[in-house]
Amino acid sequence: MRILVLNGPNLNMLGIREPEMYGSNTYADLEKFVDDVCRENGIDYEIYQTNWEGALVDRIQEAYGKFDGIVINPAAYTHTSVAILDAVKAVAIPAVEVHLTEVNEREPFRHISYIGLAAAKTITGKGFEGYREALLWLKDNL
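Residues numbered from 1 in each chain as written. Predicted model: local features only at pLDDT ≥ 70, side-chain atom pairs only at ≥ 80, totals over all residues. Heavy atoms only, no water.

As a further point, take the overall build of the protein. Counting its secondary structure elements, the protein contains five helices and five strands. The secondary structure elements of the protein, listed N-terminal to C-terminal, are β-α-α-β-α-β-α-β-β-α. In terms of overall size, the protein behaves like a compact globule, its C-alpha atoms giving a radius of gyration of 14 Å where 142 residues would be expected to give roughly 14 Å. Here the C-alpha coordinates of the protein stretch approximately 40 × 35 × 25 Å along the principal axes. For the protein, the proportion of its 142 residues judged to be buried stands at 45%. (Helix = DSSP H or I, 4+ residues; strand = E, 2+ residues; numbered from the N terminus. Rg over C-alpha atoms; globule rule 2.2 N^0.38 Å. Buried < 20%, exposed > 50% of the residue type's maximum accessible area, 1.4 Å probe, protein only.)

Next up on the list: the side chain of E97. One can find E97 in strand β4 (residues 95-99). Buried and unpaired, E97 has no salt bridge, with K121 as the nearest side chain of opposite charge at 11 Å. At 2.8 Å, the side chain of E97 and the side chain of H99 are in polar contact. (Lys, Arg positive; Asp, Glu negative; His and termini not counted. Salt bridge = Lys/Arg side-chain N within 4 Å of Asp/Glu carboxyl O. Polar contact = N/O pair within 3.5 Å; in protein donor to acceptor, adjacent residues only side chain to side chain.)

Our next topic: the packing of helix α2 (residues 27-40) against helix α5 (residues 129-141). At a minimum axis separation of 10 Å, α2 and α5 run at an interaxial angle of 30 degrees. Handedness of the crossing formed by α2 with α5: right-handed. Along the contact surface, α2 presents L30, F33, V34, V37, C38 and E40, while α5 presents E129, Y131, R132 and L135. (Axes fitted to C-alpha atoms, helices over the stretch in contact; angles between N-to-C directions. Left-handed = near helix turned anticlockwise from the far one by under 90°. Contact = heavy atoms within 4.5 Å.)

This part covers the pairing of strand β1 (residues 2-7). The buried count for β1 comes to five of six residues, which makes it a mostly enclosed element. Bridge count for β1 against strand β3 (residues 69-73) is five bridges, and the pairing is parallel. The partner of N7 across the bridge, within β3, is N73. (Pairing = 2+ DSSP bridges.)

Taken N-terminus to C-terminus, the directions of helix α3 (residues 53-62) and helix α4 (residues 82-91) make an angle of 5 degrees; their axes are 9 Å apart at the nearest point. One element, α3, and the other, α4, form an angle in the roughly parallel class. Contacts between α3 and α4 involve E53, L56, V57, I60 and Q61 from the former and A83, I84, A87, V88 and V91 from the latter. Class assignment of the residues belonging to the contact of α3 with α4 gives a composition of eight nonpolar, one polar and one charged. (Parallel < 35°, antiparallel > 145°, perpendicular 65-115°, else oblique. Nonpolar A, V, L, I, M, F, W, Y, C, P; charged D, E, K, R; others polar.)

In this section: the nonpolar core. Where a protein is soluble and globular, its nonpolar side chains tend to be buried together. Core analysis: the biggest nonpolar cluster contains 23 residues, and L14, V71, Y131 and L135 have the highest contact counts within it. For this core, the secondary structure elements donating two or more residues are β1, α2, β4 and α5. If you tally residues by element for this core, the top one is α2, at six residues. In contact with L135, other than residues within four places in its own chain, are I3, V5, V34, V37, C38, I43 and V71. With 17 residues, the next largest nonpolar core counts L56, V57, I93 and A95 among its residues. (Core = buried A, V, L, I, M, F, W, Y, C linked by side-chain atoms within 4.5 Å.)

Our next topic: the environment of L6. Along the chain, the position of L6 falls in strand β1. Classification of L6 as buried rests on a relative accessible area of 0%. Sequence separation between L6 and V98 is 92 residues, and the spatial gap between their C-alpha atoms is 9.7 Å. Discounting residues that sit within four places of it in the chain, L6 has contacts with Y48, L56, R59, I60, I70, V71, I72 and N73.

As a further point, take the pattern of salt bridges. Here the idea is simple: oppositely charged side chains can pair when their charged atoms come close. Evaluated as defined, the whole model comprises ten salt bridges. Of the charged contacts in the structure, one is a salt bridge between R2 and E46, with a shortest N-O distance of 3.8 Å. Placement of the pair is R2 in strand β1 and E46 in strand β2 (residues 44-49), with a sequence separation of 44 residues. The class of R2 is partly exposed, set by a relative accessible area of 27%. Across the pair E62 and R59 runs a salt bridge, and its minimum N-O distance is 3.9 Å. Within this pair, E62 and its partner R59 are both found in helix α3, separated by three residues, close to a single helical turn. Owing to a relative accessible area of 44%, E62 belongs among the partly exposed residues under this scheme. A single network of salt bridges, built from pairs that share partners, joins R2, D44, E46, R59 and E62.

Right, dumping it as structure tokens:
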């Protein structure tokens, strides 16, 4: 099983950006967390972060025929990107949407999720543990 883990804009600023909301763990801590979960569960994975919408679209398209599942935290693009939604629909790879915070308890504009229209599952508000849940859900359901 091969899973692509995608992270969108500003996640590289974890530990700096709004620590009262996102905590003090860094993006490197998230990478290590994902690596540990995948190693413990025999999951082959690739992790990628970018602040660029088109780069996320490119990675999703490049996943076609190479990955069995996608874990994606599109971050702010969740609420704006039809392009990412269309890319996920085009490749038809099961995707799980993850958010560190409980987006439905935040500003009203964050309640809209375009990617959620194509995601097999959405996990919010569980911090790094949401990634574990997403990875294991894909492992158990693919």
